[in-house]
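Inside the fold
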Amino acid sequence: MNDPDVTPSVATAADDIAEMEIRGAATIADAAAAAIGEQAQASEADSPEEFRAEIRAAARRLHETRPTAVSLPNALRYVLRGMKGDTVEELRESIVSTVVEFRRELDQAQDNLGQIGANRLRDGDTIMTHCHSTDALSCVHRALDDGKEISAIVKETRPRKQGHITARQLRDWDVPVTLIVDNAARRYLDDADHVLVGADSIAADGSVINKVGTSGLAVNARERGVPIMVAAQTLKLHPGTMTGHTVEIEMRDPREILPDDERSKVGNVRVENPAFDVTPPRYVDAIVTERGQFPPESIVTLMREMFGEQQNGEPWDEP
Ligand code: RUB
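So, here is what we can say about the structure in this document.

What counts as what
Residues numbered from 1 in each chain as written. Predicted model: local features only at pLDDT ≥ 70, side-chain atom pairs only at ≥ 80, totals over all residues. Heavy atoms only, no water. 1 Å grid on protein atoms, 1.4 Å probe; cavity = no way out; pocket = protein on both sides within 12 Å on 5 of 7 lines; lining within 4 Å. Points joined across faces, edges and corners; volume = space filled by probe spheres on them. Helix = DSSP H or I, 4+ residues; strand = E, 2+ residues; numbered from the N terminus. Nonpolar A, V, L, I, M, F, W, Y, C, P; charged D, E, K, R; others polar. Salt bridge = Lys/Arg side-chain N within 4 Å of Asp/Glu carboxyl O. Buried < 20%, exposed > 50% of the residue type's maximum accessible area, 1.4 Å probe, protein only. Near = heavy atom within 4 Å. Polar contact = N/O pair within 3.5 Å; in protein donor to acceptor, adjacent residues only side chain to side chain. Areas by Shrake-Rupley, 256 points an atom, 1.4 Å probe, with all protein chains shown as cover. Sits in = over half its atoms within 2 Å of the grid points. Phe/Tyr/Trp six-rings, centres within 6.5 Å; stacked < 30°, edge-to-face > 60°. Lys NZ or Arg CZ within 6 Å of the ring centre and 35° of its normal. Arc of directions from axis to C-beta. Contact = heavy atoms within 4.5 Å. Core = buried A, V, L, I, M, F, W, Y, C linked by side-chain atoms within 4.5 Å.

1. Remarks on the layout of surface pockets
Here the largest pocket defines a volume of roughly 970 Å³. Surrounding the largest pocket, 34 residues form its lining, P73, N74, R77, P239 and F307 being those nearest its centre. For the lining of the largest pocket, the leading source of residues is helix α4 (residues 71-81), giving 5 residues. Across the lining of the largest pocket, the residue classes tally to 14 nonpolar, 12 polar and 8 charged.

Now the structure itself:
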């Protein structure tokens with residue numbers, strides 16, 4: 001089957017997501033929804049069938065970029081299920097308004113979970129972060145708005161150093177930041193009151209899939225008695241895990257770890273570059289969502305409420 005052409009803005013968004021120019025689960029979802037909206041706006045389809053085929057092809061192109069962030073297929077499902085109408089204009093309008101609604105809800109969910117997460121932070125607390133999560137930072141932002149003083153120990157987060165983004169954002173908010181290499185985390189856990197991370201996906205058993213290194217941090221934090229809080233809007237809940245599917249862990253290009261110019265010094269070794277890892281629910285104290293905070297073991301109840309037991313086919317699978 002030959003896919004219809006996607007607009008340049010969809011192709012660019014897909015490339016940027018794959019290359020991590022656009023990254024972080026919520027930001028990826030937002031960009032993917034916006035790209036579908038742009039596809040709808042730019043479409044010159046002559047018939048409703050052609051229009052639907054274009055939108056589905058755009059969704060497939062975006063979907064195949066990164067496998068772990070479930071917010072991406074969840075966003076595409078939301079937008080494609082809003083596609084309604086008998087004419088091209090009606091279909092276009094339904095997509096455009098659904099995209100607006102989706103992006104508004106995304107912002108709202110992040111604000112709401114920020115308030116719930118902020119309630120867990122006390123004045124004078126120090127958090128330890130891993131990677132860069134807009135959901136996690138929303139909790140800090142709200143705590144600061146509430147007048148609390150928060151300090152941060154920020155893990156660098158190899159290999160892509162997303163910790164630098166977190167450090168920069170926190171400094172913009174005048175939060176005192178101590179940047180550490182990942183390997184120093186255990187040493188500094190004694191100075192932390194919370195580990196605060198985001199999630200790419202949450203499985204039905206309460207496992208948290210997030211940037212590689214999260215699980216080691218969580219195990220160390222538990223051993224040190226530091227609570228682990230995961231900030232994740234419900235867009236991160238993985239419906240497929242309710243029926244036994246596992247979350248695919250993205251393996252990225254080894255050159256992110258060992259660039260060609262360094263490889264010659266190391267020699268012929270195999271390099272593995274998993275982007276994410278799985279933190280078992282027993283190492284997580286709370287999953288903070290816009291619908292409240294949950295012990296990880298009870299997240300399945302929320303998932304049943306939101307998704308039901310039924311799994312239907314994907315809206316982009318039809319040609
Ligand atoms: C990003 C990452 C983030 C989650 C949550 O990985 O693991 O913690 O995506 O982010 P990558 P957010 O840099 O490989 O995309 O809370 O912003 O959705």
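2. Remarks on the pattern of salt bridges
Scanning all chains against the criterion turns up 18 salt bridges. A salt bridge links D15 to R61, with the nearest nitrogen and oxygen atoms 3.5 Å apart. Linking D15 in helix α1 (residues 8-18) with R61 in helix α3 (residues 48-63), this pair joins segments that are 46 residues apart in sequence. The class of D15 is partly exposed, set by a relative accessible area of 41%. The exposure class assigned to R61 is partly exposed, which follows from its relative accessible area of 28%.

3. As for the site of the ligand
Lining the immediate environment of the ligand, one finds 18 residues, of which R23, S133, T134, D200 and K211 sit closest. A distance of 2.5 Å separates an oxygen atom of the ligand from a polar side-chain atom of R23. Take D135: an N or O atom from its main chain is 3.0 Å from an oxygen atom of the ligand. Considering the ligand on its own, with 460 Å² of exposed area, one finds that the protein chains cover 100% of that surface. Mapping the ligand onto the cavity grids shows that it belongs to the largest cavity. Looking at side-chain class alone, the shell around the ligand contains 6 nonpolar, 6 polar and 6 charged residues.

4. Overview of the packing of aromatic side chains
A complete count under the given rule lists 1 aromatic pair for this structure. Above the plane of the ring of F276 lies K211, whose end atom (NZ or CZ) is 4.5 Å from the centre.

5. Focus on helix α9 (residues 214-224)
Along α9, the residues classified as buried are T214, S215, L217, A218 and A221. For α9, the angular spread of buried residues about the axis comes to 155 degrees, placing them on one side.

6. Observations concerning unusual backbone geometry
A cis amide bond links R158 with the next residue in sequence, P159, at an omega value of 0 degrees. In this structure, P159 sits in the loop between β2 (151-155) and α7 (163-172). Here the phi dihedral of M20 falls at roughly 70 degrees; this positive angle occurs in a residue that is not glycine. Positionally, M20 belongs in the loop between α1 and α2 (25-42). You can call M20 buried: its relative accessible area is 7%.

7. Remarks on the side chain of T234
Following the sequence through the fold, T234 ends up in the loop between β7 (228-231) and α10 (260-266). Leaving out residues up to four positions away in the same chain, T234 has contacts with T289, E290, R291, L302 and M306.

8. Description of the nonpolar core
Grouped together as the largest cluster of nonpolar side chains are 36 residues, with contacts concentrated most on I36, F51, I55, L62, L76, I95 and F102. Among the elements of the structure, α1, α2, α3, α4 and α5 (88-118) are those that each provide at least two residues to this core. Of the residues forming this core, the biggest block, 8 residues, is contributed by α2. In this structure, I36 is in contact with I55, A58, A59, L62, L76, V79, L80 and I95, ignoring residues within four places of it in sequence. Membership of the second largest hydrophobic core comes to 29 residues, among which are A192, V197, I299 and L302.

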